[in-house]
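Summary of the model geometry
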Amino acid sequence: MLLLVIASSALYTGLLIQRCMDMDPSIRSYPDIGERAFGAKGRALVSIVMNTELYMVATGFLILEGDNLCNLLPDVKFEIGGLKIGGRESFVIMVGLIILPTVWLNNMSILSYISASGVVASLLLLCSIFWAGEFDGIGFHHKGVLINWSGIPTAASLYSFCYCAHPVFPTLYTSMRDQRQFSKVLGICFLVCTISYAVVAIAGYLMFGSELMSQITLNLPIDKISSRVAIYTTLVNPIAKYALMVIPIVNAIETRLPLNSHKRSYSLFVRTSLVLSTVIVSLAIPLFGYLMSLVGAFLSVTASAILPCLCFLKISGIYQTLGLERLVIVGIVLMGISIMIVGTYTSVMEIVMHFVT
């Protein structure tokens, strides 16, 4: 029920972003919405939250890659100039090099085809998980604590992270050939994603109970073909979606460069430096579950729930009238603030405890 509430709220706020853009055709990006609502300070706030969130999501992709590849090939290690590089660290660096050419692309239509491969990979991953449970001896008979109340803040934070793409919506909306289809596309995407999330969550609980790790692929026996297929397809998603996440950050940086520096060489330098920095951060903070929980609680909730609601209230002017939609929007804002406060505190404490112990 918590997942459905957060999913419905995220879908609604995504539609609010579209309505903000329809009210002012000059709006082309998420920061434009913040500026239209609250001026320069609004633009700065939205830009900081948006770019930080997208940056941490991209970093999480690299952590995901390193964890799964290390689980698949645990004996891989390198030594360069007397410096020993572990398996996980090696894979993060290699994946960074593989992803780099996709970040160099400027054509959003090409990125859409790359991202589409992630959709196919997700469906294949779902099938592989069920195959492993049904035919590879794992079964669906494990049990755990059905409701762990102390884990609700972390769960809500992770659910929020699952719907963190709102900062990209304006870019996708403006690049669509037929913008009238945006709401339909958004609804279908949210429906498919939510069903997939729920099915994997239930399957993971029944397959591994309370022993389920932050990534279900880390629980799967790597000697089975279905498990290897699941892990390999998991690796496709970050590679397919990384560039889509960082392009808004690249655009924000490049627009602040001096006019005489808008050359291809400068652009390549900015993009390469951005990828390099995410590699460094993912090596320094190798905690996928905790990090994504923190991003979901502090950044995703802000960017995907609180800011769209506040901006729409201001731009539309309905904050001046009392009505059902205003009550719904205020309810979403209050829910988002609650998740942000409790979830952020819980996530920070989990990360601190991990390093202390």
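Keep in mind that this is a model prediction, so the values were computed, not measured.

Observations concerning the environment of Tyr 205
Secondary-structure assignment places Tyr 205 in helix α7 (residues 182–208). Once you skip the residues sitting within four places of it in the chain, Tyr 205 turns out to touch His 142, Lys 143, Gly 144, Val 145, Leu 146 and Leu 212.

Overview of the UniProt feature "transmembrane region" (unreviewed entry) in the chain
Here, UniProt's "transmembrane region" (unreviewed entry) annotation points to residues 45–64, 85–104, 110–133, 185–209, 229–247, 268–288, 294–315 and 327–348. As annotated, residues 185–209 comprises 96% helix and 0% strand, and the C-alpha atoms at either end are separated by 34 Å. Across residues 294–315 one finds 100% helix and 0% strand; the C-alpha atoms that close the span lie 30 Å apart.

A few points about the packing of aromatic side chains
As enumerated under the stated definition, the model contains six aromatic pairs in all. Summarising the aromatic geometry, the rings of Phe 169 and Phe 182 are spaced 6.2 Å apart at their centres and angled 75° between planes, so their arrangement reads as edge-to-face. Of this pair, Phe 169 sits in helix α6 (residues 169–175) while Phe 182 sits in helix α7; the two residues are 13 residues apart in sequence, bridging distant segments of the chain. The class for Phe 169 is buried, based on a relative accessible area of 8%. Feature note: the residues Tyr 163, Phe 190 and Tyr 197 constitute an aromatic cluster, connected by ring pairs.

Describing empty space enclosed by the protein
Per the stated rule, a full pass over the model turns up one cavity of 30 Å³ or more. If you add up the space inside the largest cavity, you get close to 90 Å³. Elements with a minimum of two residues in the lining of the largest cavity: α1 (2–23), α10 (288–316) and α11 (324–356). Element by element, the count of residues in the lining of the largest cavity is highest for α10, at four residues.

With respect to the nonpolar core
Membership of the largest hydrophobic core comes to 72 residues, with the highest contact counts inside it found for Tyr 30, Ile 33 and Tyr 242. By residue number, the principal contributor to this core is helix α2 (residues 30–72), which donates 16 residues. Sequence-distant contacts of Ile 33, that is, excluding residues within four places in its chain, are made with Ile 17, Cys 20, Met 21, Ile 27, Pro 170, Cys 311 and Ile 315. Judged by nonpolar contacts, the second largest core, of 10 residues, contains Leu 125, Ile 138, Phe 208 and Leu 220.

Section: helix α3 (residues 87–104)
Working note: α-helix, 3.6 residues per turn, so residues spaced by three or four point in the same direction. A rise of 1.5 Å per residue sets the reference length of α3, with its 18 residues, at 26 Å; its end C-alpha atoms lie 27 Å apart and thus fit the reference within 8%. By the largest-angle criterion, Ile 98 marks the main kink of α3, which is about 30°, and a proline, Pro 101, follows within four residues. For α3, the full list of buried residues reads Gly 87, Arg 88, Ser 90, Phe 91, Val 92, Val 95, Gly 96, Ile 99, Leu 100, Thr 102 and Val 103.

Some details on the layout of surface pockets
The space that makes up the second largest pocket amounts to roughly 400 Å³. What lines the second largest pocket is a set of 18 residues, and nearest its centre among them are Ser 29, Pro 31, Arg 43, Ala 252 and Thr 255. Of all elements in the fold, only α2 and α8 (225–255) reach the threshold of two or more residues within the lining of the second largest pocket. Its residues assigned to classes, the lining of the second largest pocket shows eight nonpolar, six polar and four charged.

Parameters and conventions
Residues numbered from 1 in each chain as written. Predicted model: local features only at pLDDT ≥ 70, side-chain atom pairs only at ≥ 80, totals over all residues. Heavy atoms only, no water. Helix = DSSP H or I, 4+ residues; strand = E, 2+ residues; numbered from the N terminus. Contact = heavy atoms within 4.5 Å. UniProt positions renumbered as here; feature names shortened; annotations may be inferred. Phe/Tyr/Trp six-rings, centres within 6.5 Å; stacked < 30°, edge-to-face > 60°. Buried < 20%, exposed > 50% of the residue type's maximum accessible area, 1.4 Å probe, protein only. 1 Å grid on protein atoms, 1.4 Å probe; cavity = no way out; pocket = protein on both sides within 12 Å on 5 of 7 lines; lining within 4 Å. Points joined across faces, edges and corners; volume = space filled by probe spheres on them. Core = buried A, V, L, I, M, F, W, Y, C linked by side-chain atoms within 4.5 Å. Expected span 1.5 Å × (residues − 1). Bend = angle between axes of the 7 residues up to and from the residue. Nonpolar A, V, L, I, M, F, W, Y, C, P; charged D, E, K, R; others polar.

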